[in-house]
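A structural walkthrough
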Amino acid sequence: MHTGRMFRRDAQTFLIHLFGRGLDDERYVVETYRSLPSGEIRPVEAGQPKTKGRRRQRRKIVSRKAVREMRPERDEIIVCTGVTLARSGVQIWGLGATGIFAARHAR
């Protein structure tokens, strides 16, 4: 019997960490990261607007309602920081990105 280790493919489990004043701002800057099996975390540029030459990359800004509806993939981390209240926001971690069920002593 494998009660604690069985996962359903359609499970929507994720971890939410509110920091600062939480979701007090109206608009948020969204950054997405992908966690690798090695434990490394890398930014995801796939959904970001493209830039030409040396211009800085544009920021993706969304509303509070859009932030509340965001759901991460299993190995994704979404960080939303307030535009006007820079010390407020939310981090949304997928189950695989938290490392809770990772094999610690794998060879």
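Residues numbered from 1 in each chain as written. Predicted model: local features only at pLDDT ≥ 70, side-chain atom pairs only at ≥ 80, totals over all residues. Heavy atoms only, no water.

Moving on to the overall build of the chain. Within the chain one finds 2 helices and 6 strands. Reading the helices (α) and strands (β) of the chain from amino to carboxyl end gives β-β-β-β-α-β-β-α. Within the chain, counting contacts between residues at least 6 apart in sequence, those at least 24 apart form 62% of the total. Within the structure as shown, the chain displays about 8,700 Å² of accessible surface, and the carbon and sulfur contribution to it stands at 50%. (Helix = DSSP H or I, 4+ residues; strand = E, 2+ residues; numbered from the N terminus. Contact = heavy atoms within 4.5 Å. Areas by Shrake-Rupley, 256 points an atom, 1.4 Å probe, with all protein chains shown as cover.)

Let us look at the nonpolar core. By size, the foremost hydrophobic cluster in this structure holds 9 residues: Tyr28, Val30, Val62, Val67, Met70, Ile78, Cys80, Val90 and Ile92. Listed by contribution, the elements that provide at least two residues to this core are β2 (27–35), β5 (76–82) and β6 (89–94). For Val67, the contacting residues outside a window of four places in its chain are Leu23, Tyr28, Val62, Cys80, Val90 and Ile92. (Core = buried A, V, L, I, M, F, W, Y, C linked by side-chain atoms within 4.5 Å. Buried < 20%, exposed > 50% of the residue type's maximum accessible area, 1.4 Å probe, protein only.)

Per-residue pLDDT for the chain has a mean of 78; in total, 68% of the residues score no lower than 70. Within the chain, helix α1 (residues 64–68) carries the highest mean pLDDT (93), whereas helix α2 (residues 95–98) carries the lowest (78). (pLDDT = per-residue confidence, 0-100.)

On to the environment of Ala66. Tracing the backbone through its elements, the reader meets Ala66 in helix α1. A relative accessible area of 29% means that Ala66 is categorised as partly exposed. Along the sequence, Ala66 and Tyr28 sit 38 residues apart, while their C-alpha atoms lie 9.3 Å from each other.

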